[in-house]
Amino acid sequence: MAKQQKRTKKFVKNKLEQTIKDRRDWKKKSAAIQRSKQQKDRKRGLAATTTRRDGGDDEEQEDRRGLSGGEDDDDDDEVPRRDVKGKGKGKMSVDDFLGGGFEQGLASDEDEDDDDDDDEDGEDDEEDDEELEDIDALSDGGCCESYLAYLQENDRDLLEFGGEDEDEDEEMDEAESSSKSKKKNKASDDGAAVVTSEMLRQWQKSMLQTHSLRAFRRLLLAFRAAADMGDEADEAAKQQQRRQQQGPSFVVTEAAVFNKLVVTTLKFVPVVLQHHIPAREQPPGSGKYKLPTNGKKYGALQRSVQSYFVSLHKLLRTLPEPATVYACVSESVRMVPYLVPHRRLCREHIKILLELWSSAAPNVRIAAFLAIRRIAAAGDATVVDVCLRGAYHGLVRNCKTTTIHTLDSINLLKNSASELYALDLGASYEHAFGFIRQLAIHLRACLQAKTRESFQHVYNWQFLHCLDFWALVLGQTCAVERNDPSPSPMQPLLYPLVQVATGALRLLPTSRYFPFRFHVVASLLRLAQRTAVYIPLAPYLVDVFDAPELQRRSKPSTLAPLNLDVTLRAPANYVRTRTYADQVAAEAAHLLLEFFAGQARSIALPELVVAPTVQLRRLLKTAAKAQAGGGGGGNAAWTSQVRGVLDKAAQNAQWIQARRADVEFAPNDLSAVQRFLADEAADSEAPLEVALRLARKVRKQKRDLLAAAA
């Protein structure tokens, strides 16, 4: 007889006794479950059919089914599932048996849950299979006499297949109760286990204490089952998928368990992944993460990461409750370091987040934007490109119509998207250049065609909101108070944007489109104030006071005032009415005050106000003559407002002249010009600044009253 190898002795010493015990336990439970099924079927009148299907004359085949694993998946944590392969069923010589088969049988079953490396590489399953093959070889008689004596002493049934176990009845109650609980929850199909709160607690304990990958993978399988609950796929296809998938299958039947399962997955999956493949931010504060891609665990856990995000995407598309969607979006942010390496999943995740950002509940939209911003910060140039382009397209799609109900959401989209464009100025410049060029092409086509259809390509909410958005982006990225002293890469785009905006202002100078003009002027004023770039906007406001709406007598009207914030073109019944004329005059006077106040501390203000002051005083004189002669002059409301603005401008000009009388630098010294009044006390306001602060306060009070009345 061949000499026993060292690995064979170790197997006999460490593993054989436990393997015999495991096989006996599986045999008991399998027989008990089969009896329970037969009793149920007899009550339904199907005992004969069940006997032909489940019973059999081949007791050895029944014994091997017990080895391959019972139906109770909840006990899988205690005894691993075995699968006896065909190569262990045939006859085997002593030399063949002693020549190999135990290479993988050196580890202990008790270490299976604790040793995550063996679990992730699948080595436990291989050594279980080989151990059982060796047991089959022993049972066929192809072994030495010492092994046979040991087996006859400890477990004779292992060599005599088909015998009944004397302790079988003692396990009947336990098996029946387990089977009933499964069938009650519709888990008898294909051996699917019902997810319970106790099961979740056990998984949580294992993942917290030992970071168990076994519990981790089972949690992901249950999470996938929860995500598939709303799927309308064919039942046969579901059963085929359950039979083909690795590991046990689960089913969720209670709403409370479903919610707890989702929360457990969202909170515990990042913890386990951070333990096994820790993500470190490099350099700190940059938003970029580095993973240990060279280790074995990284490759072994990638399928788990993919399964997590596939299930999460199904949930985000089907969950009806905003609270649950908010939890999924906000908690999944911790998985961003593990998402970015998967390019296809990353694109799909960004697409879903962009949909939520543009159309979901307010808190979900904010959470989705924060997730998009973190992905853009952690990703490469391709990921940033997807985020920026998707954010702009989402804004354009959702601003086709603007009402009092959608205005807040559109402003949220513009403000958040502009913050996204401030992350990477190099990539933002490429996108901004292309999109501003598209606006210029629309404007040029309109100027060339001059048809009703071409005018509609410019005078619409999408074009207006795009202009306002890019003014917001450039105002944020080219602001004077930027921390970076170097010039912004976005600076060259200021001039093209201003040219497109001012070209759209004079496209249709009729009074019905004054609201469109006010919106564009307000956007450019904000851009000028933040970037300290002078934009000559006074002529576009002075023209409003020369319009027939204000120079001719208005028709009395009882129409309600327009909400200019959501008005692009005035309705036809408002033209030449006192209501519309008063609104136009008040809005134009306020914007003119905003323009002058933006240059209140400029050393060139006395010269800047000369031209608009002369034009406005001429219009005031013409209106006064018309009113005095009774020839149908306009109302006097706008004249008093304009006089107030001109008086404050004159006072501010004198204030500047008094402070620049002592300067010793020439106008060509730009650095000295920019430092003018830099040492002025912060509480020393210019006259125009004081007037603007009071005007804004009164304006806010009026809007609050109108909102309360509405």
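Residues numbered from 1 in each chain as written. Predicted model: local features only at pLDDT ≥ 70, side-chain atom pairs only at ≥ 80, totals over all residues. Heavy atoms only, no water.

**Student:** Please explain the packing of helix α18 (residues 343-359) against helix α20 (residues 381-397) as it appears in this structure.
**Tutor:** Any two packed helices are characterised by the angle at which their axes cross and by the distance between the axes. The N-to-C vectors of α18 and α20 enclose an angle of 25°; their axes lie 10 Å apart at closest approach. One way to sum up the angle between α18 and α20 is to call them roughly parallel. Both α18 and α20 take part in a crossing whose hand is right-handed. Seen from α18, the contacting residues are R343, C346, R347, I350, L354 and W357; seen from α20, they are T382, V383, V386, C387, G390 and A391. (Axes fitted to C-alpha atoms, helices over the stretch in contact; angles between N-to-C directions. Helix = DSSP H or I, 4+ residues; strand = E, 2+ residues; numbered from the N terminus. Parallel < 35°, antiparallel > 145°, perpendicular 65-115°, else oblique. Left-handed = near helix turned anticlockwise from the far one by under 90°. Contact = heavy atoms within 4.5 Å.)

**Student:** How should I be thinking about the packing of aromatic side chains in this particular structure?
**Tutor:** Any pair of aromatic rings gets described here by the distance separating the centres and the angle formed by the planes. Within this structure, the stated rule accounts for 17 aromatic pairs. Ring centres 4.1 Å apart and planes at 25° place the aromatic pair Y392 and F435 in the stacked group. Taken together, the residues span a long stretch of sequence, with Y392 in helix α20 and F435 in helix α22 (residues 425-449) at a distance of 43 residues. Classification of Y392 by relative accessible area gives buried; the value is 4%. The buried category is assigned to F435, whose relative accessible area is 6%. An aromatic cluster is defined as three or more aromatic residues linked by ring pairs; in this entry it consists of Y392, Y421, F435, F469 and W470. (Phe/Tyr/Trp six-rings, centres within 6.5 Å; stacked < 30°, edge-to-face > 60°. Buried < 20%, exposed > 50% of the residue type's maximum accessible area, 1.4 Å probe, protein only.)

**Student:** Just checking my understanding: could you explain the packing of helix α11 (residues 213-227) against helix α15 (residues 302-318) for this structure?
**Tutor:** Where α11 contacts α15, the axes come no closer than 9 Å and their chain directions differ by 25°. Considering the angle they form, α11 stands roughly parallel to α15. When the axes of α11 and α15 are compared, the crossing they make is left-handed. Contacts from F216, R217, L220, F223, R224, A226 and A227 in α11 reach S304, S307, Y308, S311, L312, K314 and L315 in α15. Each residue belonging to the contact of α11 with α15 can be placed in one class, and the counts come to eight nonpolar, three polar and three charged. (Nonpolar A, V, L, I, M, F, W, Y, C, P; charged D, E, K, R; others polar.)

**Student:** Is there a simple way to explain the side chain of T502 in this structure?
**Tutor:** Counting through the fold element by element, T502 comes out in helix α25 (residues 494-505). At 2.8 Å, the side chain of T502 and the backbone oxygen of V498 are in polar contact. Once residues within four sequence positions are removed from consideration, T502 is found in contact with L524 and Y540. (Polar contact = N/O pair within 3.5 Å; in protein donor to acceptor, adjacent residues only side chain to side chain.)

**Student:** Any chance you could explain the confidence of the model for the protein chain here in plain terms?
**Tutor:** Detail in the predicted coordinates should be disregarded across regions flagged by low pLDDT. Taken residue by residue, the protein chain gives an average pLDDT of 79. The fraction at 70 or more is 74%. In the model, residues 46-144 has pLDDT below 50 throughout and makes 174 contacts with residues more than four positions away in sequence or in other chains. Overall, residues 157-189 carries pLDDT values under 50, and its contacts beyond four positions in sequence, including any with other chains, amount to 57 contacts. (pLDDT = per-residue confidence, 0-100.)

**Student:** Explain helix α34 (residues 687-709) here, please?
**Tutor:** Side chains that are three or four residues apart share a direction in an α-helix, a result of its 3.6 residues per turn. Look at α34: 34 Å from first C-alpha to last across 23 residues, which is about the 33 Å you get at 1.5 Å a residue. Burial in α34 covers these residues: P687, L688, A691 and L692. Taken together, the buried residues of α34 touch α29 (578-598), α30 (605-608) and α32 (637-660). (Expected span 1.5 Å × (residues − 1).)

**Student:** Looking at this structure, how should I read the pattern of salt bridges?
**Tutor:** Side-chain pairing between opposite charges can occur once the charged atoms of the two side chains come close. Enumeration according to the criterion identifies 20 salt bridges in this entry. Of the charged contacts in the structure, one is a salt bridge between R334 and E331, with a shortest N-O distance of 3.3 Å. A salt bridge links D565 to R703; its shortest N-O distance comes to 3.5 Å. Note that D565 is positioned in the loop between α28 (548-551) and α29 and R703 in helix α34, a separation of 138 residues in sequence. With a relative accessible area of 30%, D565 lands in the partly exposed category. Here the salt bridges do not stand alone but share partners, grouping K267, E331 and R334 into one network. (Salt bridge = Lys/Arg side-chain N within 4 Å of Asp/Glu carboxyl O.)

**Student:** Would you mind going over unusual backbone geometry with me for this structure?
**Tutor:** Trans is the common state for peptide bonds, and a negative phi is the common state for residues other than glycine. Omega for the bond connecting Q282 with P283 falls within 30 degrees of zero, at -10°, which places this linkage in the cis form. Of note, P283 is situated in the loop between β3 (280-281) and β4 (289-290). Although it is not a glycine, H211 adopts a positive phi angle of roughly 50°. Note on placement: H211 falls in the loop between α10 (197-209) and α11. Backbone geometry at K450 places phi at a positive 55°, although glycine is not the residue there. Note that K450 resides in the loop between α22 and α23 (452-456). Judged by relative accessible area, which is 59%, K450 ranks as exposed.

**Student:** Got a minute to help me understand the environment of A588 in this structure?
**Tutor:** By the element assignment, A588 lies in helix α29. A sequence separation of 67 residues divides A588 from V521, and the C-alpha atoms of the two residues are 9.8 Å apart. A588 has contacts with F518, V544 and F545, leaving out every residue within four places of it along the chain.

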